[in-house]
Amino acid sequence: MTLINEHFLKLQNNYLFSDIAKKVNSFKVTHPKDKIIRMGIGDVTQPLAPAVIEAMHKAVDEMASKETFHGYGPEQGYPFLIDAIIKHDYASRGVFIEPGEVFISDGAKSDCGNIGDMLRHDNSIGVTDPVYPAYIDSNVMSGRTGVLKNGKWSDVVYIPCTAENGFIPDLPARRVDILYLCYPNNPTGTTLTKEELRKWVNYALANDALIMYDSAYEAYIQDPNIPHSIYEIKGAKKVAIEFRSFSKTAGFTGVRCGYTIVPKELQAFTLNGQRVQLNKLWNRRQCTKFNGTSYITQRGAEAVYSAAGKQQVKETIRYYMTNARIMKEGLQACGFTVYGGDNAPYLWLKAPDGLSSWKFFDKLLYEAKIVSTPGVGFGPSGEGYLRLTAFGDREDTLEAMERLRQWSD
Ligand code: PLP
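Residues numbered from 1 in each chain as written. Predicted model: local features only at pLDDT ≥ 70, side-chain atom pairs only at ≥ 80, totals over all residues. Heavy atoms only, no water.

## Concerning the environment of Asn5
What counts is decided by this rule: The numbering of helices and of strands both runs from the N terminus, where a helix is a DSSP run of H or I of at least 4 residues and a strand a run of E of at least 2. Polar contact is the term for a pair of N or O atoms within 3.5 Å; when the atoms are in protein, one must be able to donate a hydrogen and the other to accept it, and sequence-neighboring residues count only if both atoms are side-chain atoms.
Within the secondary structure, Asn5 is located in the segment before helix H1 (16–30). For the pair Asn5 and Ile85, spaced 80 residues apart in the sequence, the C-alpha separation amounts to 37 Å. Reaching out from Asn5, the side chain makes a polar contact with the backbone oxygen of Met141 at a distance of 2.9 Å.

## Some details on the site of the ligand
The condition is simple: For each residue, the test is whether any non-hydrogen atom lies within 4 Å of the molecule or strand; if one does, the residue is near. To measure how exposed things are, a 1.4 Å probe is used in the Shrake-Rupley method; for residues, cover is taken only from the protein chains shown.
Lining the immediate surroundings of the ligand are 14 residues, of which Ala108, Asp214, Tyr217, Ser245 and Ser247 lie closest. At a separation of 2.7 Å, an oxygen atom of the ligand approaches a polar backbone atom of Ala108. Note that an oxygen atom of the ligand is positioned 2.6 Å from one of the side-chain N or O atoms of Tyr217. The fraction of the free accessible surface of the ligand (400 Å²) that becomes covered by protein chains is 91%.

## Section: the sheet that holds strand E10 (residues 258–261)
This is how it is decided: Paired strands are those between which DSSP finds at least two bridges. With axes taken as lines fitted to C-alpha atoms, and helix axes fitted only over the stretch in contact, angles between N-to-C directions fall between 0 and 180 degrees.
Pairing within the open sheet is mixed, and its 7 strands lie in the order E2-E10-E9-E8-E7-E3-E6. The open sheet is flanked by strand E2 (102–105) and strand E6 (156–160), the only strands paired with a single partner. This sheet shows a mean twist of 20° between the axes of neighbouring strands, independent of strand direction. Bridge count for E2 against E10 is 4 bridges, and the pairing is antiparallel. Following the sheet pairing, Phe103 is matched in E10 by Thr260.

## Some words on the packing of helix H10 (residues 307–333) against helix H12 (residues 394–408)
Let me state the cut-off plainly: Geometric relationships in this document are graded by angle, where less than 35 degrees denotes roughly parallel, more than 145 denotes roughly antiparallel, 65 to 115 denotes roughly perpendicular, and other angles denote oblique. Only heavy atoms matter for contacts: two residues are in contact if any of them lie within 4.5 Å across the pair. Under the grouping applied here, Gly and all other residues not named as nonpolar or charged are polar, the nonpolar ones being Ala, Val, Leu, Ile, Met, Phe, Trp, Tyr, Cys and Pro and the charged ones Asp, Glu, Lys and Arg.
Packing of H10 against H12 brings their axes to within 10 Å, and their N-to-C directions diverge by 5°. The orientation of H10 with respect to H12, classified from their angle, is roughly parallel. Along its contact with H10, which presents Tyr319, Thr322, Asn323, Ile326, Met327, Gly330 and Leu331, the element H12 presents Arg394, Thr397, Leu398, Met401 and Leu404. When grouped by side-chain class, the residues that make up the contact of H10 with H12 number 7 nonpolar, 4 polar and 1 charged.

## As for the nonpolar core
Defined as follows: The nonpolar core is taken to be a set of buried Ala, Val, Leu, Ile, Met, Phe, Trp, Tyr and Cys residues, with the residues joined through side-chain atoms within 4.5 Å. The rule is simple: take the accessible area with a 1.4 Å probe, protein chains only, and divide by the maximum for that residue type; under 20% is buried, over 50% is exposed, in between is partly exposed.
Counting residues in each nonpolar core, the largest one holds 95 residues, and the members touching the most others are Phe246 and Leu331. Sort the elements by how many residues they give to this core and H10 lands first, with 8 residues. In contact with Phe246, not counting residues within four places along its chain, are Leu81, Ile85, Gly251, Phe252, Cys257, Gly258, Tyr259, Ala301, Val304 and Tyr305. Counting residues in hydrophobic clusters, the runner-up holds 27 residues, among them Cys112, Ile136, Val262 and Leu266.

## Side note on unusual backbone geometry
Cis geometry is found at the peptide bond from Tyr183 to Pro184, where omega equals -10°. Its location among the elements puts Pro184 in the loop between strand E7 (178–182) and helix H6 (194–207). Despite not being glycine, Phe167 has its phi angle at roughly 65°, a positive value. Positioned with a positive phi, Arg256 is a non-glycine residue whose angle comes to about 80°. You can see Arg256 is positioned in the loop between helix H7 (246–250) and E10. Since its relative accessible area comes to 29%, Arg256 is described here as partly exposed.

## Quick notes on the environment of Tyr135
Relative to the elements of secondary structure, Tyr135 occurs in helix H5 (residues 134–141). Once the C-alpha coordinates of Tyr135 and Phe8 are considered, the two residues, 127 residues apart in sequence, prove to be 14 Å apart. Setting aside residues no more than four positions away along its own chain, Tyr135 makes contact with Cys112, Tyr180, Cys182 and Asp214.

## Considerations on the pairing of strand E9 (residues 240–245)
Here E9 lies mainly inside the structure; 6 of its 6 residues are buried. Burial along E9 is two-sided: Ala240, Glu242 and Arg244 and Ile241, Phe243 and Ser245, pointing in opposite directions, are all buried. Pairing geometry for strand E8 (residues 210–214) and E9, over 4 bridges, is parallel. Residue Tyr213 lies in a different strand from E9, and its bridge partner there is Glu242.

## Regarding the packing of helix H11 (residues 357–368) against H12
It is at 10 Å that the axes of H11 and H12 come closest, and there the two elements cross at 100°. One way to sum up the angle between H11 and H12 is to call them roughly perpendicular. Taken together, the residues of H12 that come into contact with H11 (itself represented by Phe360, Lys363, Leu364, Glu367 and Ala368) are Arg403, Leu404 and Trp407. Among the residues forming the contact of H11 with H12, the class breakdown is 5 nonpolar, no polar and 3 charged.

## Here we look at the packing of aromatic side chains
Selection rule: Two rings belonging to Phe, Tyr or Trp (six-membered ring only in the last case) form a pair when the distance between their centres is within 6.5 Å. Interplanar angles under 30 degrees mark stacking, angles over 60 mark edge-to-face geometry, and anything in between is tilted. In this analysis the charged atom, NZ for Lys or CZ for Arg, is taken to sit over a ring once it is within 6 Å of the ring centre and within 35 degrees of the ring normal.
Per the stated rule, a full pass over the model turns up 26 aromatic pairs. Between the aromatic rings of Tyr217 and Tyr346, the centroid separation amounts to 5.1 Å while the plane-to-plane angle is 70°, which identifies the pairing as edge-to-face. One end of the pair, Tyr217, is in the loop between E8 and E9; the other, Tyr346, is in strand E14 (residues 346–350), and 129 residues separate them in sequence. Neither Tyr217 nor Tyr346 differs from the other in exposure class; each is buried. Between Tyr319 and Tyr320 the ring centres are 5.9 Å apart and the planes differ by 70°, which places this aromatic pair in the edge-to-face class. Residue Tyr319 is classed as partly exposed on the basis of its relative accessible area of 23%. Put simply, the rings of Tyr90, Tyr231, Phe246, Phe252, Tyr259 and Tyr305 pair up and form one aromatic cluster. A cation sits over an aromatic face here: Lys350 above Tyr385, 4.7 Å from the ring centre. The ring of Tyr319 has Arg394 lying over it, and the distance from NZ or CZ to the ring centre is 4.5 Å.

What follows is the structure, encoded as structure tokens:
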């Protein structure tokens, strides 16, 4: 008899995007002539940069000849990409990263989800709330979250980020072993300053805790005082793993490439207190379960760091961030309270008149024909908010704001 991992059965009520899809489909059936503007799912809309396309075409051609064909690559990624990452993403900010600390992958979601493979099931988990759902769900699968009661997992420490605390998380009331931080934040679009981030690094150093730092949206940071990497904080290499992605930086959501930094200084413990380098464990895990990101993809990612690639990618980010500005100004002009959008492609909209997230979602869908994401889908502290994304076309963004202006008149 084959027994299942019963923790999977606890995942049943996370149907956020399928619930949204059902509501949108039924709207379409009853309003077939209406044009919907989608500002819900966080996917990019602009094509890949020409420099990336050119590099990928070249890599495809290499695959066509015996002399330049590439089979299995290194599980950790090709040195050409690792070196480009170290030079452009870290050395340029004064952060020293060794090649053996970079692990190329097929995206940040896989790494955020898989990283728990090397950690015991009985570590306590802390998450800022609301949060990108993959952190909690992957821990549910490994049995670290306890039972779900009133929308909260009993063994998860929720650290609320709301308008009341300016979206700046307080240190947890209960000790946590593993802490997830995501900045710029999905879903609130807010950021932490160096000082605020230092508080967390110091907490982890003092408590032998591990920080999982997801900076998938770092390329959207406009303010020079906001850290792009947790390693800009002294001591962070002893306590933090950092996840990065080419998805939002360079439109790779459909191509799939990201990377994870596991510093060699980072250690965790066996049950009897022996220190172990997490870098070694992650390397072993990747060599066992992952066979590398495709050569063609990694050549495309490398081109993001070429002079032309950098310029092109920056242009696309500027395009999305202009959308974000149009949205923020448009929403504020309509009288809405809105957060984020300054250093992230997400806007976090407070539902007016005490409406719940889902009620506000329905109202926007039926009255303005705009699809959003209900904030409560990202955790209990998201109730009463909606997430809007700036990844749409400019024309749609402008039209959405015009619809909202008419709607709120
Ligand atoms: N981390 C955060 C915070 C995200 O919002 C997303 C995607 O939306 C990811 C990671 C996943 O990135 P990738 O496409 O690299 O898997």
